[in-house]
Number of protein chains: 2
Amino acid sequence: MLKLYYTPGTCALASHIALEEAGAAYTTERIDFKSNQQNSPGYLAVNPKGRVPALVTDRGILTETPAMLAFIAQGFPQAKLAPSDDPFAFAQAQAFNSYLCSTVHVAHAHKGRGPRWANEESSFADMKRKVPQTMAACFALIERNMLKGPWVMGELYTICDPYLYTIAGWLEGDGVDLATLPKVADHRNRMSERPAVQRVLADEKA
Amino acid sequence: MLKLYYTPGTCALASHIALEEAGAAYTTERIDFKSNQQNSPGYLAVNPKGRVPALVTDRGILTETPAMLAFIAQGFPQAKLAPSDDPFAFAQAQAFNSYLCSTVHVAHAHKGRGPRWANEESSFADMKRKVPQTMAACFALIERNMLKGPWVMGELYTICDPYLYTIAGWLEGDGVDLATLPKVADHRNRMSERPAVQRVLADEKA
């Protein structure tokens, strides 16, 4: 039985949706950021990075969203969540998810996580002011060059879709006008209609 | 025939080494950062992100180091550069590489790429001052929890090794004392003895 550690509002949503889409047998445990539970000794024993998500499997613990998503796709091949039998197409999906984690999520994190990379309040404020611009630039590239439609990879719904949906959910809060991103907005609407997404959102809100 | 776009001193080294280790037939083209060639119309047609590396294949262009490394491993299975037939072990390798791209490389980039995330000179200086601390923390975690030895994944040399070698090569420049990281230092030495690594370094210096 798999177990997902998550916190509502974080990128853990992507893996949560993927588990649900895969039809996996899994449980969840919520980590409370307000009480800094991610840095408690108990959770650091699960994930020494002090971050969510983390996925407990019978082989050990996995972290890092792109790796967890690929594991879910490959561990539940009947759900066809990745083109695992085609190294080029699989790499394209991994490249998309890698861009989300290393560039887009990082751009977003400069709004509230400035102390990761600097020490001065003036720097945190400067970083925060730039987030609308960096997130708009990232999503302009996604809109123009990366999101094939109707799903990220085209006709095949993959592990790229819940990840894009998760990060695109931060756009209004990051000061980006969704009206400039019609394909991204359309993707978000299409995602929100999926029963698996609705079940996961209801569970994370409960 | 594959073609790698790279710049010496960048993370493109990881893919360059992996291609050489795989015994792939490939050519390379150097992109000159000093003349801002990465943002020239010609290169932006290859990679609209304006970054290296990029890998031209007969199916299309791939970017993002973790995806390119997985593609090289899966495209040249006889080189056994990843445990591709074991979804959990493969995900562990992807998790390691994802940590390098989304956390470690990002920490390093705050030394010289501050304008990506802020606008003020004072913020750039503040970010730069913190790099020795953030890089030391990242590599302490790698040393303690992630690098199994003798290679990253243990006995099997994988696509994690050239990527770790590449980023560990930035440690002295980032103000981290390698004496505090004996396993990482040992790994770097072991990597530098590999003929494929020596051939690639000679080629990038030429």
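See the structure above.
First, a word on scope: everything that follows refers to the structure included in this document. Here the structure is a predicted model, which means the values were calculated and not measured. (Residues numbered from 1 in each chain as written. Chains lettered and ligands numbered in written order. Predicted model: local features only at pLDDT ≥ 70, side-chain atom pairs only at ≥ 80, totals over all residues. Heavy atoms only, no water.)

### Here's the deal with the nonpolar core
Stage number 1. Counting 132 residues, the largest nonpolar core has A:Phe139, A:Ile142, B:Phe139 and B:Ile142 as its most contacted members.
Stage number 2. Setting aside anything within four residues of it in sequence, one finds A:Phe139 in contact with A:Val104, A:Leu164, A:Ile167, A:Ala168, A:Leu171, A:Leu181 and A:Val184.
Stage number 3. With 12 residues, the next largest nonpolar core counts A:Ala109, A:Trp117, A:Phe124 and B:Trp117 among its residues. (Core = buried A, V, L, I, M, F, W, Y, C linked by side-chain atoms within 4.5 Å. Buried < 20%, exposed > 50% of the residue type's maximum accessible area, 1.4 Å probe, protein only. Contact = heavy atoms within 4.5 Å.)

### Quick look at the packing of aromatic side chains
Given two aromatic rings, one states the distance between the centres and the angle between the planes to describe the pair.
Stage number 1. Inspection of the entire model under this criterion finds 7 aromatic pairs over all chains.
Stage number 2. Ring centres 5.0 Å apart and planes at 90° place the aromatic pair B:Trp151 and B:Tyr157 in the edge-to-face group. Considered together, B:Trp151 and B:Tyr157 belong to a single accessibility category, that of buried residues.
Stage number 3. Across the ring face of A:Tyr157, the terminal group of A:Arg194 is positioned such that the distance to the ring centre comes to 3.5 Å. (Phe/Tyr/Trp six-rings, centres within 6.5 Å; stacked < 30°, edge-to-face > 60°. Lys NZ or Arg CZ within 6 Å of the ring centre and 35° of its normal.)

### Side note on the pairing of strand β1 (residues 2–6) of chain B
Residues in a regular strand project their side chains so that they alternate between the two faces of the sheet.
Residue and element names in this part refer to chain B.
Stage number 1. Counting buried residues in β1 gives 4 out of 5 residues, a clear majority hidden from the surface.
Stage number 2. Two strands pair when backbone bridges link them, and β1 and strand β2 (residues 26–30) are joined in this way by 5 bridges, in the parallel orientation. Bridge assignment links Lys-3 to a residue of β2, and that residue is Thr-27.
Stage number 3. With helix α1 (residues 12–22) bridging β1 and its parallel neighbour β2, the resulting β-α-β unit is right-handed.
Stage number 4. Relative to strand β3 (residues 54–57), β1 is paired through 3 bridges, and the arrangement is antiparallel. (Helix = DSSP H or I, 4+ residues; strand = E, 2+ residues; numbered from the N terminus. Pairing = 2+ DSSP bridges. Right-handed = clockwise from strand over helix to strand, strands pointing away.)

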